Amino acid sequence: MEDIKKLEEFQAKIDADLKIEPKDWMPEEYRTHLQRQISQHAHSEVIGMQPEGNWISRAPSLRSKVVLLAKIQDEAGHGQYLYSAAETLGKSRDEYLEELHSGKAKYSSIFNYPTLTWADIGAVGWLVDGAAIVNQVSLQRTSYGPYSRAMVRICKEESFHQRQGYEIMATCALGTPEQKKMAQDALNRFWWPSLMMFGPHDSESAHTANAMKWRIKRETNDELRDKFIQKTVQQAEVIGLTVPDPDLKWNEADGRYEYGEINWDEFWNVVKGNGPCNKQRMRHHIKAHEDGTWVREAAIAYAEKQKSKQLVA
Ligand code: FAQ
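Residues numbered from 1 in each chain as written. Predicted model: local features only at pLDDT ≥ 70, side-chain atom pairs only at ≥ 80, totals over all residues. Heavy atoms only, no water.

A. Focus on the overall build of the protein chain. When helices and strands are counted, the protein chain shows 13 helices and two strands. Against the 2.2 N^0.38 benchmark of 20 Å for 313 residues, the protein chain shows a C-alpha radius of gyration of 21 Å, consistent with a compact globule. Its C-alpha atoms give the protein chain principal-axis dimensions of roughly 65 × 50 × 35 Å. Looking at the protein chain as a whole, 48% of its 313 residues are labelled buried. Counted over contacts in the protein chain with a minimum sequence separation of 6, partners at least 24 positions apart contribute 76%. About 16,200 Å² of surface is accessible on the protein chain, with carbon and sulfur atoms providing 56% of the total. (Helix = DSSP H or I, 4+ residues; strand = E, 2+ residues; numbered from the N terminus. Rg over C-alpha atoms; globule rule 2.2 N^0.38 Å. Buried < 20%, exposed > 50% of the residue type's maximum accessible area, 1.4 Å probe, protein only. Contact = heavy atoms within 4.5 Å. Areas by Shrake-Rupley, 256 points an atom, 1.4 Å probe, with all protein chains shown as cover.)

B. A look at the environment of L174. Along the chain, L174 falls in the loop between helix 7 (145-173) and helix 8 (177-196). A relative accessible area of 63% means that L174 is categorised as exposed. In this structure the C-alpha to C-alpha distance between L174 and I239, which are 65 residues apart in sequence, comes to 6.8 Å.

C. Molecular detail of the site of the ligand. Taken together, 35 residues surround the ligand, and among them K106, S109, S205, H207 and K217 come closest. Within the side chain of Q40, one N or O atom sits 3.0 Å away from an oxygen atom of the ligand. Between a nitrogen atom of the ligand and a main-chain N or O atom of S109, the distance comes to 2.8 Å. Calculation on the ligand without its partners gives an accessible area of 1,100 Å², and the protein chains cover 91% of this total. Taken together, the elements giving at least two residues each to the shell around the ligand come down to helix 2 (28-47), helix 4 (62-87), helix 6 (118-139), helix 7 and helix 11 (264-274). At six residues, helix 2 tops the list of elements feeding residues into the shell around the ligand. (Near = heavy atom within 4 Å. Polar contact = N/O pair within 3.5 Å; in protein donor to acceptor, adjacent residues only side chain to side chain.)

D. Representation of the pattern of salt bridges. Evaluated as defined, the whole model comprises 20 salt bridges. Linking E28 and R31 is a salt bridge whose minimum nitrogen-to-oxygen distance equals 3.7 Å. Within this pair, E28 and its partner R31 are both found in helix 2, separated by three residues, close to a single helical turn. Its relative accessible area of 49% is what places E28 among the partly exposed residues. Linking E219 and K227 is a salt bridge whose minimum nitrogen-to-oxygen distance equals 2.6 Å. Residue E219 is classed as buried on the basis of its relative accessible area, which comes to 15%. Ionic contacts of the salt-bridge type, sharing partners, join the residues E52, K71, E75 and D129 into one network. (Salt bridge = Lys/Arg side-chain N within 4 Å of Asp/Glu carboxyl O.)

E. Seen up close, unusual backbone geometry. In this structure, D17 is a non-glycine residue whose phi angle is positive, near 65°. Relative to the helices and strands, D17 resides in the loop between helix 1 (2-15) and helix 2. Residue D17 is classed as partly exposed on the basis of its relative accessible area of 44%.

F. Geometry of empty space enclosed by the protein. Enumeration over the complete set of coordinates arrives at one cavity of 30 Å³ or more. Forming the walls of the largest cavity are P51, I110, F111, Y113, T115, V124, V128 and F190. Residues that form the lining of the largest cavity fall into these classes: seven nonpolar, one polar and no charged. (1 Å grid on protein atoms, 1.4 Å probe; cavity = no way out; pocket = protein on both sides within 12 Å on 5 of 7 lines; lining within 4 Å. Points joined across faces, edges and corners; volume = space filled by probe spheres on them. Nonpolar A, V, L, I, M, F, W, Y, C, P; charged D, E, K, R; others polar.)

G. The arrangement of the layout of surface pockets in detail. By volume, the second largest pocket is sized at about 520 Å³. Around the second largest pocket sit 16 residues that line it, and V46, Y83, L97, H285 and H289 are the ones nearest its centre. Looking at the lining of the second largest pocket, the elements that each hand over two or more residues are helix 3 (49-53), helix 4, helix 5 (93-102) and helix 12 (278-291).

H. View of the side chain of T208. Mapping T208 onto the fold places it in helix 9 (residues 208-213). Reaching out from T208, the side chain makes a polar contact with the side chain of S205 at a distance of 2.5 Å. Apart from residues no more than four positions distant in its own chain, T208 is found in contact with K217, T220 and N221.

I. Structural view of the nonpolar core. Y30, I38, Y144, M169 and W191 are the most contacted members of the largest nonpolar core, which totals 74 residues. Sort the elements by how many residues they give to this core and helix 6 lands first, with 11 residues. Beyond its immediate sequence surroundings of up to four residues, W191 is in contact with L127, F228, I229, T232, V233, V243, P244 and D245. (Core = buried A, V, L, I, M, F, W, Y, C linked by side-chain atoms within 4.5 Å.)

J. Region of the structure containing the packing of aromatic side chains. Tallied over the entire structure, the rule returns 10 aromatic pairs. Centroid distance W191 to F228: 6.1 Å. Interplanar angle 25°. Geometry classified as stacked. Here the residue W191 occupies a position in helix 8, and F228 occupies one in helix 10 (residues 221-238), the gap between them amounting to 37 residues. Here W191 and F228 have matching classes, each one buried. Between W264 and F267, the aromatic rings sit 5.5 Å apart at their centres with planes inclined by 90°, giving edge-to-face as the arrangement. Within this pair, W264 and its partner F267 are both found in helix 11, separated by three residues, close to a single helical turn. The pair formed by W264 and F267 is uniform in burial state, with each residue classed as buried. (Phe/Tyr/Trp six-rings, centres within 6.5 Å; stacked < 30°, edge-to-face > 60°.)

This is the structure in structure tokens:
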């Protein structure tokens with residue numbers, strides 16, 4: 001009886017658009033749902049540094065190198081905010097990382113595709129960060145306080161990232177015929193995987209019903225994907241690129257684009273670990289984590305020394 005009352009109070013709070021904070025009572029399913037989503041979001045930010053890091057030493061100018069470095073550092077920061085938010089749910093960062101390394105926790109499918117040319121770095125910023133922003137703007141209003149506050153900060157930085165990517169794409173698309181070809185090729189390869197970032201159709205999505213009821217998600221996978229398509233197709237047109245979807249057409253009566261279907265076999269194949277770069281990404285992450293052991297140990301030892309100094313004083 002007590003739990004039913006608590007549950008009703010919890011749902012009433014959500015329905016009134018109040019935030020749930022770490023020390024508030026919450027049903028166990030709400031907690032585990034958030035642990036799963038926020039940690040996977042954090043893993044995505046950190047694994048997402050790999051395809052971009054691949055181009056730091058090959059950026060075509062000092063300016064583009066500095067901008068790319070700043071963007072990648074931001075992604076590390078986003079991982080930090082999100083791991084901290086996830087830790088408020090009673091699981092440690094080490095536990096979350098173990099879940100990633102054992103394959104229990106996922107990260108976004110998009111980061112299992114390679115970045116083959118400089119234009120791919122443009123496509124990542126324009127399309128991948130563009131898709132991430134659409135999703136994250138919506139998540140700013142999520143019901144869990146620490147996640148919502150992390151999103152507000154992250155969204156401010158993501159809009160700079162999207163502009164950085166679009167600038168690279170526009171420069172290539174409006175450059176020499178070879179550069180334009182490179183930009184079109186990047187769009188061709190990144191378009192569909194970017195749409196897959198929003199997850200399966202609502203009818204196939206295991207978690208959407210609960211996520212909407214608890215206002216963890218404020219819009220569904222399909223609603224967000226549609227928003228992204230409607231605004232991004234126009235951006236491609238402005239720089240003379242063609243979206244690689246033969247079914248894409250403008251519906252004058254409805255004032256919106258209609259579009260084709262994602263290859264869901266490809267999506268699930270990548271999610272299950274069989275994309276072009278899954279194994280490489282995980283190998284690299286585990287190695288970096290192991291190589292960094294001494295840094296973590298030194299940081300903990302330093303913090304403990306400072307604490308004991310303060311106690312003596
Ligand atoms: N990839 O029932 P749903 C970024 C899984 S950040 C892999 O619909 P949900 C910044 C899903 O986990 C990008 N797995 O699940 C950046 C679930 O499996 P599970 C990351 C996917 O949670 C830019 C199963 O399928 N953003 O890019 C994917 O309601 C550049 C069933 O799916 C976020 O994480 C996928 N695409 O909806 C960084 C945003 N889609 O957990 C560096 C927060 C679905 O039961 C460089 N997350 N799955 O084993 C969300 O909004 C949601 O979690 C969704 C999935 C929309 C991703």
